[in-house]
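What the coordinates show
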Amino acid sequence: MHLVDEKQAVPLTSEAELLEYFASAGKPRSAWRVGSEHELIGVWPESGEAPTYDGERGIGALLQWFADRGGTPVMETLSTASEYGAVFAAAAHGASTVNNMIALVRGDSQLTIEPGGQFELASRPVDDDRKLVMDLEEYTDALGRASRELGIAWLSIGLRPFGKREDVPWMPKQRYEVMREYMATVGTRGQDMMVRTATVQANLDFSDEADAAAKMECLYSVTSILTALWAASPIVENKVSGYQSYRAWIWRDTDNARAGLVPFVFGRQDVFEGYTEWALDIPMYFVYRGGYRRVPADLTFRRFMAEGFSGEHATREDWALHLSTLFPEGRLKKFIEVRGCDCGSIEMIAALAPMMRGVLYDVDACKAATALTTGLDFAQRQQLANDVPTQGFKARAGAHTLGELAKELVAIAKAGLTKVAPAAVSLLDPVDAIAQSGRTQADQIIEIWNTHAGDRKALIKALAHPGLAG
């Protein structure tokens, strides 16, 4: 979703302004919050097919159901000149333009749609993770009521298990139309990422550059452990795949210029400058001027600042938009995003925010978590990221397996959370159970799949979130 901030639509004059974008976001510890986002994969329960946007049972109708009960719709117009516009204009009996709801703003939270119809809740930032649980309960109750009316089931899984990429209808958003074409030129799995995967994400504050540097280094030190702990995508194209997190494997060849691990977070204190230099040299997808406009495939933000494009000059708004199109394991914007986890059960959705609060908001926990993989060089970290999708807890980080390190990381998180938010420690129980048993959500999903193999309706019912079986 793109909401223009007119105050930011001012031409940039120097790279110092790019650094200031990050520096201005610093907050005192007393103002730190944690936000959470997650995407749910919907299916029509009688067939397992992905819902379309249009129609009485479509994703557009679901957004309208929520809009009828409050919030500010975000609309986007498509013309017949675009691929999506032509499709939806045809559905609207030849209209020259089609106006679609693509998101709904509800206070400090947002409902949005991902390219393949994944339904996303970006929750309000909270100072108490129990508020997140309350928000999740209210949301899932409403989503359950809406989905029973429309006949949509929502799966507790990180990858669409039924069908192939081409079976998934694309949502009518200008941004996705541009990205879809670009992804095909830079990797083999970018379009799979867009339409088939679902993640849960946590967003955290920082006080200044030194604090952001420590948190980013910690996050990158443990991201593969988090991927193994939250693994929940073992089913691919109607069969058990041999992967713990097929979603994570997809990210290994989506667009390696803008995704995966970044080396400058290790041992470097000027993380704002490091991130800026990295982002400046990544090609842009588009600029936004009342709509998304394609740019040449090799136009980096550095070139855009220096030369402009088609009479347009780079603005702070462009910089913010460009940052939103970068997909590393830990993304730096006005906050730090934890991006390496599969979406799964509601309990595991709720657990990521307090997990990261415990790890990153306590200084001792942050140092201890960073130390878990401190002996690895960058090549070894890259290899670990390659190994985790298939090996999960069995993948090795130096002398230890990720299963061993997962137990230590959960203990560190609980100790940190005991100091910064003791009332939330019990929210880590499902993560602790996975770490102690070595039995992941992916393992549970495989058991469900094998139990109900051949019975699509039974599979959907068993894989669906409680109350969200359509």
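Residues numbered from 1 in each chain as written. Predicted model: local features only at pLDDT ≥ 70, side-chain atom pairs only at ≥ 80, totals over all residues. Heavy atoms only, no water.

Attention shifts here to the overall build of the protein chain. Helices and strands together make up the secondary structure of the protein chain, namely 18 helices and 17 strands. By its C-alpha atoms, the protein chain is 60 × 60 × 40 Å across when sized along the principal axes. In the protein chain, which comprises 470 residues, the share counted as buried stands at 59%. Of the contacts made within the protein chain by residues no fewer than 6 positions apart, 75% connect residues no fewer than 24 positions apart. Roughly 17900 Å² of accessible area belongs to the protein chain as shown, and the carbon and sulfur atoms make up 50% of that amount. A distance of 2 Å separates the average location of the 48 positive side-chain charges in the protein chain from that of its 62 negative side-chain charges. (Helix = DSSP H or I, 4+ residues; strand = E, 2+ residues; numbered from the N terminus. Buried < 20%, exposed > 50% of the residue type's maximum accessible area, 1.4 Å probe, protein only. Contact = heavy atoms within 4.5 Å. Areas by Shrake-Rupley, 256 points an atom, 1.4 Å probe, with all protein chains shown as cover. Lys, Arg positive; Asp, Glu negative; His and termini not counted. Charge placed at Lys NZ, Arg CZ, Asp CG, Glu CD.)

Among the five residues of strand S4 (residues 109-113), four are classified as buried, and the element is accordingly described as predominantly covered. Bridge count for strand S3 (residues 97-106) against S4 is four bridges, and the pairing is antiparallel. Opposite valine 105, over in S4, you have glutamine 110 as the bridge partner. Linking two consecutive strands that pair antiparallel, namely S3 and S4, is a turn of two residues; a positive phi of about 65° is found at glycine 107 within it. When S4 meets strand S5 (residues 119-122), the two strands line up antiparallel, connected through four bridges. Counterpart to glutamine 110 in the pairing with S5 is alanine 122. Count of turn residues in the S4/S5 antiparallel hairpin: five residues, of which glycine 117 carries a positive phi of about 85°. (Pairing = 2+ DSSP bridges.)

Attention now moves to helix H18 (residues 456-463). Here H18 has its buried residues at Leu459, Ile460 and Leu463. Taken down its axis, H18 places every buried residue within 95° of arc, on the same side. Residues of H18 that are exposed and point more than 90 degrees away from the buried face comprise Lys457 and Lys461. The secondary structure elements touched by the buried residues of H18 are strand S1 (34-43), strand S6 (153-155) and helix H17 (441-451). (Arc of directions from axis to C-beta.)

The next subject is the packing of aromatic side chains. Enumeration according to the criterion identifies 26 aromatic pairs in this entry. Centroid distance tyrosine 275 to tryptophan 278: 5.2 Å. Interplanar angle 65°. Geometry classified as edge-to-face. Of the two residues, tyrosine 275 and tryptophan 278 both sit in helix H9 (residues 271-280), three residues apart, roughly one turn of that helix. A relative accessible area of 0% means that tyrosine 275 is categorised as buried. Looking at arginine 189, its charged tip hangs above the ring of tryptophan 249, at a distance of 3.4 Å from the centre. Here lysine 215 stacks its cationic end above the ring of tryptophan 32, 3.4 Å away from the centre of that ring. (Phe/Tyr/Trp six-rings, centres within 6.5 Å; stacked < 30°, edge-to-face > 60°. Lys NZ or Arg CZ within 6 Å of the ring centre and 35° of its normal.)

Turning our eyes to something else, we now look at unusual backbone geometry. One non-glycine residue, glutamate 237, adopts positive backbone phi at about 50°. With phi around 50°, serine 310 is a residue other than glycine that occupies positive phi space. With respect to the helices, strands and loops of the structure, serine 310 is situated in the loop between helix H10 (301-307) and helix H11 (316-323). Residue classification places serine 310 among the exposed positions, given a relative accessible area of 54%.

Membership of the largest hydrophobic core comes to 130 residues, with the highest contact counts inside it found for Phe66, Phe119, Leu229, Trp230, Met355 and Met356. Ranked by residues supplied to this core, first place goes to helix H7 (residues 209-229) with 11 residues. Those residues in contact with phenylalanine 66 that sit more than four places away from it in its chain are Leu104, Arg106, Leu111, Phe119, Tyr139, Ala142, Leu143 and Ala146. Judged by nonpolar contacts, the second largest core, of 23 residues, contains Met183, Met193, Tyr246 and Tyr285. (Core = buried A, V, L, I, M, F, W, Y, C linked by side-chain atoms within 4.5 Å.)

Attention now moves to the environment of alanine 395. When you line up the elements, alanine 395 lands in the loop between helix H14 (378-391) and strand S16 (396-397). The class for alanine 395 is buried, based on a relative accessible area of 0%. Considering only alpha carbons, one finds alanine 395 and isoleucine 225, 170 residues apart in sequence, at a separation of 9.5 Å. Excluding anything up to four places from it in sequence, alanine 395 contacts Leu384, Asp387, Val388, His400, Thr401 and Leu402.

Within the secondary structure, glutamate 312 is located in the loop between H10 and H11. Counting along the chain gives 29 residues from glutamate 312 to cysteine 341, while the straight-line C-alpha distance between them is 37 Å. Setting aside residues no more than four positions away along its own chain, glutamate 312 makes contact with Arg289, Arg293 and Phe304.

Bringing the environment of valine 126 into the picture now. Position of valine 126 among the secondary structure elements: in the loop between S5 and helix H4 (129-150). Judged by its relative accessible area of 2%, valine 126 is buried. As a C-alpha pair, valine 126 and serine 36 span 90 residues in sequence and 9.0 Å in three-dimensional space.

Before going further, it helps to spend a moment on helix H13 (residues 363-371). For H13, the complete set of buried residues consists of Ala365, Cys366, Ala369 and Thr370. The arc that holds the buried residues of H13, viewed along the axis, is 130°, so those residues lie on one side.

Mapping serine 245 onto the fold places it in the loop between strand S9 (239-240) and helix H8 (246-251). Sequence-distant contacts of serine 245, defined by excluding residues within four places in its chain, comprise Thr227, Ala231, Ser233, Asp342 and Pro389.

A word on the pattern of salt bridges. Summed over all chains, the structure comprises 31 salt bridges. Note that arginine 302 is salt-bridged to glutamate 277, the shortest N-O span being 2.9 Å. Placement of the pair is arginine 302 in helix H10 and glutamate 277 in helix H9, with a sequence separation of 25 residues. Note on arginine 302: relative accessible area 27%, which makes it partly exposed. (Salt bridge = Lys/Arg side-chain N within 4 Å of Asp/Glu carboxyl O.)

As a further point, take the pairing of strand S15 (residues 336-342). The buried fraction of S15 is high, at seven of seven residues. Bridge count between strand S7 (residues 199-204) and S15: five bridges; the pairing is antiparallel. Across the sheet, residue leucine 204 finds its bridge partner in S15, namely isoleucine 336. Linking two consecutive strands that pair antiparallel, namely strand S14 (residues 330-332) and S15, is a turn of three residues.

Function-wise, these values are silent; they only describe arrangement.
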